[in-house]
Amino acid sequence: MVEALAYNISPSHPLVRLFFGLTQRNFATHLGWTDSDVIAYLGDVLVDFVHVDRLYRIRNARGQRIEEVAEMMAEGDILHRADSFERERMVHKHIGDYTLFMAGIFPEFVRRQQKAGLIVSADAFLDYVRVGKRSYRIVSEFASTGAEPAAPLFRKLSENFELCVYGLGYVRADLDRLQDPQFQTVKGRLIG
């Protein structure tokens, strides 16, 4: 739980236990998928994105927060704005995490982005699933730094992106049933 620990969230914190338990139970029960690496990684993503500022951690060269996936893609492209291959990897990892999280936990946000009557964002043209799969595939092609999960994990996330979205949908349903106040706050901020 490298990301979660950056915010000093104890592995025994009730929210951490909740997210890991729901992820493990739903992936095993509804999907028959008990891959401990994938489940642990998805639990980390859920914990990490409890902090809304982590959803938009990518900054441009001027230090401004990037909120659109289309802009993140440009920021993570070595031919455009990424100043190193590590930057490219880091941004694509975030794009994969962000699109997976939004498509699985907040699908109504993704639908709203894609069906906007007026084009308010370049993201209206993006397929979050396709973009997320591509970003995780790119990350899987980089050698692991030791501090980050290894390439095979990201290959699995890329190849099973839709299944992960589906599994996170079950986690979302459980959270809705629980009426977790923290979840409702984040949901309200994202979908208005």
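Bear in mind that the values here come from a model prediction, so they are computed numbers and not experimental data. (Residues numbered from 1 in each chain as written. Predicted model: local features only at pLDDT ≥ 70, side-chain atom pairs only at ≥ 80, totals over all residues. Heavy atoms only, no water.)

(A) Main features of the pattern of salt bridges. Following the criterion strictly, the structure yields 12 salt bridges and no others. Among the salt bridges present, the one from Asp-97 reaches Lys-93, with a minimum N-O distance of 3.3 Å. Of this pair, Asp-97 and Lys-93 both sit in helix 6 (residues 85-105), four residues apart, which is roughly one turn of that helix. Residues Glu-141 and Arg-137 are paired through a salt bridge, measuring 3.1 Å at the closest nitrogen-oxygen approach. The exposure class of Glu-141 is exposed, given its relative accessible area of 56%. Classification of Arg-137 by relative accessible area gives partly exposed; the value is 36%. Through salt bridges with shared partners, a single ionic network connects Arg-25, Asp-174 and Arg-177. (Salt bridge = Lys/Arg side-chain N within 4 Å of Asp/Glu carboxyl O. Helix = DSSP H or I, 4+ residues; strand = E, 2+ residues; numbered from the N terminus. Buried < 20%, exposed > 50% of the residue type's maximum accessible area, 1.4 Å probe, protein only.)

(B) How the structure looks around the nonpolar core. Among the nonpolar cores identified, the biggest contains 51 residues, and Tyr-98, Phe-101, Met-102 and Leu-157 are the most heavily contacted of them. Leu-157 has contacts with Val-38, Tyr-41, Leu-42, Tyr-136 and Cys-164, leaving out every residue within four places of it along the chain. (Core = buried A, V, L, I, M, F, W, Y, C linked by side-chain atoms within 4.5 Å. Contact = heavy atoms within 4.5 Å.)

(C) Quick look at the packing of helix 6 against helix 10 (residues 161-178). Interhelical geometry of helix 6 versus helix 10 gives an angle of 50° and a closest axis separation of 7 Å. It follows that helix 6 is oblique to helix 10 by the angle criterion. Where helix 6 crosses over helix 10, the two elements pack in a sense that is right-handed. Contact residues: helix 6 offers Gly-96, Thr-99, Leu-100, Ala-103, Gly-104 and Ile-105, while helix 10 offers Phe-161, Cys-164, Val-165, Leu-168, Gly-169, Val-171 and Arg-172. Taken together, the residues of the contact of helix 6 with helix 10 sort by class into eight nonpolar, four polar and one charged. (Axes fitted to C-alpha atoms, helices over the stretch in contact; angles between N-to-C directions. Parallel < 35°, antiparallel > 145°, perpendicular 65-115°, else oblique. Left-handed = near helix turned anticlockwise from the far one by under 90°. Nonpolar A, V, L, I, M, F, W, Y, C, P; charged D, E, K, R; others polar.)

(D) Inspection of the packing of helix 3 (residues 36-48) against helix 9 (residues 151-159) at higher detail. Across the interface, helix 3 lies against helix 9 with an axial gap of 10 Å and an inter-helix angle of 80°. Here helix 9 runs roughly perpendicular to helix 3, going by the angle between their axes. Here Asp-37, Val-38, Tyr-41 and Leu-42 of helix 3 come into contact with helix 9, specifically with Leu-153, Phe-154, Lys-156 and Leu-157.

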